[in-house]
Amino acid sequence: MVKIILKEITKKFGDFTALDNINLEIDDREFMALLGPSGSGKSTLLYTIAGIYKPTSGRIYFDDRDVTEIPPKDRNVGLVFQNWALYPHMKVFDNIAFPLELRKVPKQEIEKKVREVAKMLHIENLLDRYPWQLSGGQQQRVAIARALVKEPDVLLLDEPLSNLDALLRIEVRAELKRLQKELGITAVYVTHDQAEALAMADRIAVIREGKILQVGTPDDVYYKPKYKFVGGFLGNPPMNFVEAEVENGYLRVYESRIPVPAQYKGLIEKLDIKEVLLGFRPHDAEVVKGISEGLVGEVYSFEPLGREQIVTVSVNSGAFVKVFAPEGEHFTFGEKVTVKIREDRIVLFDKKTEKALEFLGE
Amino acid sequence: MNKINREKFTALSFFLSPMILMVVLFYLVPLVMTVYISFTRMRNWNVEKYLTEFVGFYNYQRLFYMFQHDPTFKAVILTTVVFVGITLIINVFGGLALALATFFISEKPASSFRLLWLLPRMSPIAVYSLVWYYFFHGSEIGTLNSILMKLGVISQPIPWGQTVPWGAWSIIIFVNGLVGVSFGMIVFTSALNQIPKELIIAARVDGASAWEISRKILIPLTKWHFLYVLTWQFLSLLTTYPHIFLLVQWDLVNKDYGTTLALYVFNTAFGRGEQDQGLAAAAAVILSIIGIIGGFITLKVLQFEKMMKRPRGDF
Ligand SMILES: Nc1ncnc2c1ncn2[C@@H]1O[C@H](COP(=O)(O)OP(=O)(O)OP(=O)(O)O)[C@@H](O)[C@H]1O
Ligand SMILES: [Mg+2]
């Protein structure tokens, strides 16, 4: 129930810069996902918010309060770990009660609060067990209960679902999101699973090599990626990229030519740019048999996925794009097809900086 | 035996035979010999004359009689109890305290600190004992005496080791305690390093102090190592004598209140003057029995079985 403000946070481990000038505001009651590949500094950022790491430079504010120098215990944060970190020698009840015991809360109140939070997470009947007597999903609930029982202002979660199987993950993530909104708690959620971030977060901060590349709503980062990396990291399959040359009002991609999308006409003229990367999402195009206006190529492979299929089209030797097609359509290998891209969903990136053209000025 | 079993047997005997040979040679044979000798009148290593002279429980009766009536032997027993008891506590809790203390400071100073505590174990027994010989020496050349005299705390040198019983006891406990602490420290340190970092971070975030983390998380999670160190140190203290032997030999500590049962066995069997191997063997057997019983009690009291988590799975 606080707003978190990170100002120019840098964290170094020796010579290694794990976090590089991070600026981020997380609103009160917001669900913020920190999304990035392994080693990008997500956990480090989370631990810095928790106070386990002290930033090398920069400040952290909870509302107006500067908490940079304040130890973890006085920040009132709840922390959930990837491996859950339940105390193996304590029963579930004692695990959940532990933060309250440390605060010297009276016994009766502890009892009441533990039962309350256990009920909320549907683990009332497990209170008398040891962690090793629980399934992964149950342990994970206990870990969340332990983080919530002290009614923290901020809930910090470090890939809490990554040890669960795929189905359970989807179930728990819906529940977790509902819980966060019900409790009105500010949440920071670390994940390297883009689907998880898209499904749960109010906003997503994409991190790579200790830098925040883009912050925005799931729609923003999904449809308007600021960098090629963001487009390539989100979505399954990710965004398609092909190299294109600008030629008086057209984009030339190997043998094909498509008109410069309306939203980029002015920008391309202004920037006087010749070479771009053309990006589009697999859902924002369709495959049409035969040669017509669009990206011309051959069917390389197709993978049925039940309701739809992914068609991989080779637009030139070594350049492939993936496009979703309805289940009924039949393709054969090597068949000539045309990929027709939804013009308004095209994103163009500068070839050198791999930054989307509309952000090039920043 | 079918083929697979025979192959298994061949492999087993190949890998186990050196070990079995060692056990038989260095454990079983001496054990049987000791028990046997304890029932003979064996003395002064006069094998031809006494080794076959069977006396039944005579040596045990003598021990029991001495236990009741011989003040020297009574002192030996009392010294053993006090020495093992107090040194054990110092060893185990000192080791635990050192491991916990170094756990909370950064790695570099921690490892030099640990190295410092390993010194007593690394230095040769005679050299190490000599250091404390001079330190506790009863005349004014003794370091402790000279310091205290310089400070004006005492005017006459105190013969620390001849002050019975606590002077003598304190010295043997101190000297052995210092050696033993490092063992517990090493075992506990490695045990603490096995505990997932997240458990400690989680506790920190929840507001636990170093003391609370130690008491509620670290110590309960190292119970098994605690038991191990306790049992191991108990048995080794029960049977150790090299340091004490030197300190007594050099007349630093009083012979009666500086002799433990292990040293008594050694002196009786190999010492100066008349040697009585039959009696020594009987005392050694008693010592072994005490060790076995003590070991079992520690296992039981600390509920060894309960601590072993049943793994998932039925095998
Ligand atoms: N205590 C530390 N000392 C030195 N380097 C560290 C330390 N903690 C993290 N790093 C380095 O900082 C970088 C970021 O680590 P971090 O744990 O934040 O990554 P992450 O994004 O959480 O990755 P993952 O998804 O694999 O958990 C890594 O290169 C890591 O090696
Ligand atoms: Mg991580």
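Because the structure is predicted, anything quoted here is derived from the model rather than measured.

Brief notes about the overall build of chain A
Okay, so step 1: Within chain A one finds nine helices and 20 strands.
Okay, so step 2: In terms of principal-axis extent, the alpha carbons of chain A reach across some 75 × 45 × 35 Å.
Okay, so step 3: Within chain A, the fraction of its 362 residues that count as buried is 52%.
Okay, so step 4: Taking the intrachain contacts of chain A between residues at least 6 apart in sequence as the baseline, contacts between residues at least 24 apart amount to 67%.
Okay, so step 5: Carbon together with sulfur atoms contributes 49% to the accessible area of chain A, which is approximately 16500 Å² in total.
Okay, so step 6: When the 50 positive and 55 negative side-chain charges of chain A are each reduced to one mean point, those points stand 4 Å apart.

Some points on the domain arrangement of chain A
Residues and elements named next belong to chain A.
Okay, so step 1: Looking at the assigned domains, one finds that chain A contains domain 1 (4-232) and domain 2 (237-359).
Okay, so step 2: One C-alpha centre belongs to domain 1, the other to domain 2; they are set 38 Å apart.
Okay, so step 3: Contact residues are listed per partner, giving eleven residues for domain 1 and 14 residues for domain 2.
Okay, so step 4: Our count for the contact surface shared by domain 1 and domain 2 stands at one salt bridge.
Okay, so step 5: One can count five residue pairs in polar contact (both at pLDDT 80 or more) joining domain 1 with domain 2.

As for the site of ligand 1
Residue and element names in this part refer to chain A.
Okay, so step 1: Near ligand 1 lie 13 residues; those nearest to it are Ser38, Gly39, Lys42, Ser43 and Thr44.
Okay, so step 2: Within the backbone of Gly39, a nitrogen or oxygen atom sits 2.8 Å from an oxygen atom of ligand 1.
Okay, so step 3: Relative to its unbound accessible surface of 630 Å², ligand 1 loses 62% to contact with the protein.
Okay, so step 4: At the level of elements, β2 (16-26) and α1 (42-50) are the ones that each hand at least two residues to the shell around ligand 1.
Okay, so step 5: The element best represented in the shell around ligand 1 is α1, accounting for three residues.
Okay, so step 6: Within the shell around ligand 1, the residues separate by chemical class into five nonpolar, six polar and two charged.

A short note on the interface of chain B and chain A
Okay, so step 1: Chain B puts 18 residues into the contact, and the matching count from chain A is 24 residues.
Okay, so step 2: Carbon and sulfur atoms supply 67% of the area that chain B and chain A bury against each other, a total of about 1900 Å² over both sides.
Okay, so step 3: Our enumeration of links across chain B and chain A arrives at two salt bridges.
Okay, so step 4: The partner of Lys104 of chain A in a salt bridge is Glu212 of chain B, and the shortest N-O contact between them spans 3.4 Å.
Okay, so step 5: One can count six residue pairs in polar contact (both at pLDDT 80 or more) joining chain B with chain A.
Okay, so step 6: Where the side of chain B that touches chain A is concerned, the elements lending two or more residues are α9 (197-205) and α10 (210-221) of chain B.

Let's talk about the packing of aromatic side chains
In this description, a pair of aromatic rings is defined by centroid distance and the angle of the planes.
Okay, so step 1: The final tally for this structure, using the stated rule, is 38 aromatic pairs over all chains.
Okay, so step 2: Ring centres of Phe188 of chain B and Phe226 of chain B lie 6.2 Å apart, and the angle between their planes is 35 degrees; this geometry places the pair in the tilted category. Placement of Phe188 of chain B in helix α8 (residues 166-194) and of Phe226 of chain B in helix α11 (residues 223-239) is noted, with a sequence separation of 38 residues between them. Summarising the burial analysis for this pair, Phe188 of chain B and Phe226 of chain B share the class buried.
Okay, so step 3: Pairwise contacts between aromatic rings join Trp45, Tyr241, Phe245, Phe266 and Phe270 of chain B into one cluster.
Okay, so step 4: Across from the ring centre of Tyr87 of chain A, 4.7 Å away, lies the NZ or CZ of Arg146 of chain A, which sits over that ring.
Okay, so step 5: Directly above the ring of Tyr250 of chain A sits Arg257 of chain A, whose terminal nitrogen or CZ lies 4.0 Å from the centroid.

Some words on the confidence of the model for chain B
All names here are of chain B.
Okay, so step 1: Looking at chain B, the pLDDT average stands at 88 and 95% of residues meet or exceed 70.
Okay, so step 2: When mean pLDDT is taken per element in chain B, helix α4 (residues 71-103) scores highest with 94 and helix α15 (residues 304-307) scores lowest with 58.
Okay, so step 3: The ipTM value of the predicted complex is 0.78, and its pTM value is 0.80.

Remarks on the environment of Asp27 of chain A
Okay, so step 1: Position of Asp27 of chain A relative to the elements: it lies in the loop between β2 and β3 (31-35).
Okay, so step 2: When near neighbours in sequence (up to four residues on either side) are disregarded, Asp27 of chain A contacts Val2, Lys3, Thr186 and Arg203 of chain A.

Quick word on the nonpolar core
Among soluble globular proteins, nonpolar side chains are generally buried collectively.
Okay, so step 1: Formed by 101 residues in total, the largest nonpolar core has its most connected members in Ile4, Leu6, Leu34, Phe62 and Leu156 of chain A.
Okay, so step 2: Here this core gets twelve residues from one element, more than from any other, and that element is α8 of chain B.
Okay, so step 3: Formed by 50 residues, the second largest nonpolar core is a distinct cluster that contains Leu121, Ala147, Ile204 and Tyr222 of chain A.

Considerations on the sheet that holds strand β11 (residues 240-247) of chain A
Residue and element names in this part refer to chain A.
Okay, so step 1: One open sheet holds the five strands; their spatial order is β13-β12-β11-β14-β20, and the pairing between them is antiparallel. Since the sheet does not close on itself, it has two edges, and those belong to β13 (256-259) and β20 (347-350), each with one partner. The average angle at which neighbouring strand axes cross in this sheet is 40 degrees, direction not considered.
Okay, so step 2: Note: strand β14 (residues 275-280) against β20, four bridges, orientation antiparallel. Bridge assignment links Leu278 to a residue of β20, and that residue is Leu348.

Notes on the sheet that holds strand β6 (residues 77-80) of chain A
Hydrogen bonds between backbone groups are what pair the strands of a sheet, and the pairing can be parallel or antiparallel.
Residues and elements named next belong to chain A.
Okay, so step 1: With respect to topology, six strands assemble into an open sheet ordered β6-β7-β8-β3-β9-β10, the strand pairing being mixed. Looking at the sheet topology across the chains shown, the edges are occupied by β6 and β10 (211-216). On average, adjacent strands in this sheet sit at an angle of 15 degrees to one another, irrespective of strand direction.
Okay, so step 2: Taken strand by strand, helix α4 (residues 136-148) contacts β6 and β7 (154-158), and its axis lies near 170 degrees from that of β6.

Observations regarding the side chain of His137 of chain B
Okay, so step 1: Locating His137 of chain B in the fold gives a position in the loop between α6 (125-136) and α7 (143-150).
Okay, so step 2: In this structure His137 of chain B comes out as buried when scored by relative accessible area, which is 18%.

Let's talk about the pattern of salt bridges
Okay, so step 1: All told, the structure shown has 34 salt bridges over all chains when counted by the stated rule.
Okay, so step 2: Residues Glu243 of chain A and Lys351 of chain A are paired through a salt bridge, measuring 3.6 Å at the closest nitrogen-oxygen approach. Note that Glu243 of chain A is positioned in strand β11 and Lys351 of chain A in the segment after β20, a separation of 108 residues in sequence.
Okay, so step 3: Owing to a relative accessible area of 31%, Lys351 of chain A belongs among the partly exposed residues under this scheme.
Okay, so step 4: Among the ionic pairs, Glu53 of chain B bridges to Arg41 of chain B, the shortest N-O distance being 2.6 Å. With Glu53 of chain B in the loop between α2 (47-50) and α3 (58-69) and Arg41 of chain B in the loop between α1 (3-37) and α2, this pair connects stretches of sequence that are twelve residues apart.

Conventions and cut-offs
Residues numbered from 1 in each chain as written. Chains lettered and ligands numbered in written order. Predicted model: local features only at pLDDT ≥ 70, side-chain atom pairs only at ≥ 80, totals over all residues. Heavy atoms only, no water. Helix = DSSP H or I, 4+ residues; strand = E, 2+ residues; numbered from the N terminus. Buried < 20%, exposed > 50% of the residue type's maximum accessible area, 1.4 Å probe, protein only. Contact = heavy atoms within 4.5 Å. Areas by Shrake-Rupley, 256 points an atom, 1.4 Å probe, with all protein chains shown as cover. Lys, Arg positive; Asp, Glu negative; His and termini not counted. Charge placed at Lys NZ, Arg CZ, Asp CG, Glu CD. Domains from an automatic or database assignment. Salt bridge = Lys/Arg side-chain N within 4 Å of Asp/Glu carboxyl O. Polar contact = N/O pair within 3.5 Å; in protein donor to acceptor, adjacent residues only side chain to side chain. Near = heavy atom within 4 Å. Nonpolar A, V, L, I, M, F, W, Y, C, P; charged D, E, K, R; others polar. Buried area = accessible area lost by both parts, 1.4 Å probe. Phe/Tyr/Trp six-rings, centres within 6.5 Å; stacked < 30°, edge-to-face > 60°. Lys NZ or Arg CZ within 6 Å of the ring centre and 35° of its normal. pLDDT = per-residue confidence, 0-100. Core = buried A, V, L, I, M, F, W, Y, C linked by side-chain atoms within 4.5 Å. Pairing = 2+ DSSP bridges. Axes fitted to C-alpha atoms, helices over the stretch in contact; angles between N-to-C directions.

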